[in-house]
Amino acid sequence: HRLLLENAEQLVLVCGRREPYLRRDGAASLGVLRAASLVVGLDGCIKAVGQADVIRNQFSEATFERVIDCSGKCVLPGLVDAHTHPVWAGDRVHEFAMKLAGASYMEIHQAGGGIHFTVEHTRKAAEDELLASFQHRLERMLRAGSTLLECKSGYGLTLESELKMLRVIERARKSMDIGISSTYCGAHAVPKGKTATEATDDIINNHLPKLKELKLSGEIHVNNIDVFCEKGVFDLESTRRILQAGKDIGLQINFHGDELHPMKSAELGAELGARAISHLEEVTDEGIVAMARAKCAAVLLPTTAYMLRLKQPRARKMLEEGVIVALGSDFNPNAYCFSMPMVMHLACVNMKMSMNEALAAATINAAYALGKSDTHGSLEVGKQGDLLIINSSRWEHLIYQFGGHEALINYVIVKGKVVYENERCETMSSY
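Given the structure is predicted, the values throughout are model-derived calculations rather than measurements. (Residues numbered from 1 in each chain as written. Predicted model: local features only at pLDDT ≥ 70, side-chain atom pairs only at ≥ 80, totals over all residues. Heavy atoms only, no water.)

For the chain, the count of helices and strands is 19 helices and 16 strands. Expected size for 431 residues packed as a compact globule is a radius of gyration near 22 Å; at 21 Å, the chain falls within 12% of this value. Its C-alpha atoms give the chain principal-axis dimensions of roughly 70 × 45 × 40 Å. Out of the 431 residues in the chain, the part that is buried amounts to 61%. Excluding contacts between residues fewer than 6 apart, the proportion of contacts in the chain whose partners are at least 24 apart in sequence is 73%. As presented, the chain carries roughly 16200 Å² of accessible surface, and 50% of it is formed by carbon and sulfur atoms. For the chain, the distance from the average position of its 48 positive side-chain charges to the average position of its 53 negative side-chain charges is 1 Å. (Helix = DSSP H or I, 4+ residues; strand = E, 2+ residues; numbered from the N terminus. Rg over C-alpha atoms; globule rule 2.2 N^0.38 Å. Buried < 20%, exposed > 50% of the residue type's maximum accessible area, 1.4 Å probe, protein only. Contact = heavy atoms within 4.5 Å. Areas by Shrake-Rupley, 256 points an atom, 1.4 Å probe, with all protein chains shown as cover. Lys, Arg positive; Asp, Glu negative; His and termini not counted. Charge placed at Lys NZ, Arg CZ, Asp CG, Glu CD.)

The N-to-C vectors of helix H9 (residues 236-248) and helix H10 (residues 265-272) enclose an angle of 25°; their axes lie 11 Å apart at closest approach. Relative to H10, the element H9 is oriented roughly parallel. Crossing of H9 against H10: the hand is right-handed. On H10, the residues touching Leu236, Thr239, Arg240, Leu243, Gln244 and Lys247 of H9 are Ser265, Leu268, Glu271 and Leu272. Across the contact of H9 with H10, the residue classes tally to four nonpolar, three polar and three charged. (Axes fitted to C-alpha atoms, helices over the stretch in contact; angles between N-to-C directions. Parallel < 35°, antiparallel > 145°, perpendicular 65-115°, else oblique. Left-handed = near helix turned anticlockwise from the far one by under 90°. Nonpolar A, V, L, I, M, F, W, Y, C, P; charged D, E, K, R; others polar.)

Let us now look at the packing of aromatic side chains. All chains considered together, the criterion is met by seven aromatic pairs. A ring pair is formed by Phe59 and Phe64, whose centres lie 6.3 Å apart and whose planes are at 50°; its orientation type is tilted. Here the aromatic residues Trp88, Phe331, Tyr336 and Phe338 are joined through ring pairs into a cluster of three or more. Over the ring of Trp88 we find Arg137, and its NZ or CZ is 3.7 Å from the ring centre. Across the ring face of Tyr368, the terminal group of Arg275 is positioned such that the distance to the ring centre comes to 4.3 Å. (Phe/Tyr/Trp six-rings, centres within 6.5 Å; stacked < 30°, edge-to-face > 60°. Lys NZ or Arg CZ within 6 Å of the ring centre and 35° of its normal.)

Within the open sheet, the eight strands sit side by side as S6-S7-S8-S9-S10-S11-S12-S13. Their pairing is parallel. In this open sheet, the two strands that pair with only one neighbour each are strand S6 (79-81) and strand S13 (325-327). Sheet twist, expressed as the mean angle between neighbouring strand axes with direction ignored, is 25°. Inspection of the sheet shows strand S7 (residues 146-152) paired to strand S8 (residues 179-187) by five bridges, in the parallel sense. Paired with Lys152 across the two strands is Thr183, which belongs to S8. Across the face of the sheet, helix H7 (residues 159-175) comes into contact with S7 and S8 while running at roughly 175° to S8. Helix H14 (residues 340-350) rests against S6, S7 and S13 of the sheet, and its axis sits at about 80° to S6. (Pairing = 2+ DSSP bridges.)

Domains assigned within the chain are domain 1 (3-78 + 379-421) and domain 2 (80-370). Using C-alpha coordinates to define each centre, domain 1 is positioned 29 Å away from domain 2. The interface of domain 1 with domain 2 comprises 34 residues on the first partner and 31 residues on the second. For the domain 1 and domain 2 pair, buried surface summed over both sides reaches about 2800 Å², with 70% attributable to carbon and sulfur atoms. Three residues, Arg23, Arg24 and Ile399, lead the burial of domain 1 against domain 2; their summed loss comes to 24% of the area buried on that side. Counting the contacts that link domain 1 with domain 2 gives one salt bridge. Of the charged contacts, one joins Lys417 and Asp177 as a salt bridge, the two residues approaching to 3.0 Å between their closest N and O atoms. At the junction of domain 1 and domain 2, the tally comes to six residue pairs in polar contact (both at pLDDT 80 or more). (Domains from an automatic or database assignment. Buried area = accessible area lost by both parts, 1.4 Å probe. Salt bridge = Lys/Arg side-chain N within 4 Å of Asp/Glu carboxyl O. Polar contact = N/O pair within 3.5 Å; in protein donor to acceptor, adjacent residues only side chain to side chain.)

Of the two faces of strand S14 (residues 387-390), the one holding Leu387 and Ile389 and the one holding Leu388 and Ile390 are both buried throughout. For strand S5 (residues 74-77) and S14, the ladder comprises four bridges, and the chain directions are antiparallel. Residue Val75 lies in a different strand from S14, and its bridge partner there is Ile389. Here S14 runs beside strand S15 (residues 409-414); their pairing, made up of four bridges, is antiparallel.

Quick look at the pattern of salt bridges now. By the definition in use, this model includes 26 salt bridges. The salt bridge partner of Arg66 is Glu421, with a shortest N-O separation of 3.1 Å. Residue Arg66 is located in strand S4 (residues 66-69), and its partner Glu421 is located in strand S16 (residues 417-421); the two are separated by 355 residues in the primary sequence. A salt bridge links Glu380 to Lys383; the shortest N-O distance between them is 3.7 Å. Given the relative accessible area of 5%, Glu380 is considered buried. Here the residues in one salt-bridge network are Glu127, Asp128, Arg167 and Arg171, joined through shared partners.

What follows concerns the pairing of strand S9 (residues 224-229). The buried fraction of S9 is high, at six of six residues. In S9, alternate side chains face the same way, and those of Asn224, Asp226 and Phe228 on one face and Ile225, Val227 and Cys229 on the other are all buried. Across three bridges, S8 lies against S9 in parallel orientation. Bridge pairing in S9 links Ala187 to Val227. Relative to strand S10 (residues 252-257), S9 runs parallel, the two being bridged by four bridges. Paired with Phe228 across the strands is His256, a residue of S10.

What follows is the structure, encoded as structure tokens:
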């Protein structure tokens, strides 16, 4: 066997009965075992989870590549970040100053800043240069506990530069330990010199056929299709056309909606069978009900609402209506946050989620939003052995300590292999 984690103070299963997601009532009762152990096999999957003495007897003859004593520590599922834009060149630190001085997101966007600024720099950057900065960011995400994340293209906007970004994501997926769900987001903004309709036609007639070809040949593996459905970007009809065309080539629908204006994105997503919709700061009550009925996940991004000073997404209303709520960092040059523990903290404080709901949203529900909750998002036999060990006797410290993850996360493990070990944890108490 690959790994034995022994005698954890708390072992947080998240789910215990193969639930594909947790709604509000389910999240209230996260499965937590005390004095528990866990075994990961050589195939990288969890073989056993249970009371420490039972596991000790069951595996008394077994050999392990690695044994970690988790006395006084907590074991949790690896965190899942359901929304990131991590491949780009040229940071926008100057725009942060503009925002603090009162400029709105759309004012900066219309002045040629925002996405357009990043597009300009990303188009000029060489593929290897983009890969190096992307890998560095992924390392930081891993150290903050994320073991699976969604990665979007969308700072290319031409076929050639979108493919460059998708190749970078593919190269990282093959060469790194962290799990990646890849998203084509060519409809992230309307390229300069084109109308939204022209951009839509270009995506449907040129981008998607090429993606289908590269997908079939196995050169690029894309999972999801995304559109920024917003006033002054892609309207509802253009969004519908692009998402449907993506669905027709086998991509899951997972798009930006109802962020700055109510666009009826949620209603559209529910109708098209979207797997997830992100943002939703301006979603209508009808949209919330439609998403709950369609089992379409809401990927909420508390960092974005916080940094842009938008009104917070109505997480409580969504949870009460039975929506599957997931969380993402929205890591991008506009919201420079790598850390899902900080995202969970903001979700609890600013969106009024409970700690249980936030953890479910950053594990099983985020995995569901990526179509991966059968293999990720909880500590159950048969699932991939992705987990964290924190140097604390209560798992809530991961959320309670705002920005404290750097001294709290002791080990990050992917497929039963230790991919990050933080020695500083051993010398300092987490309190």
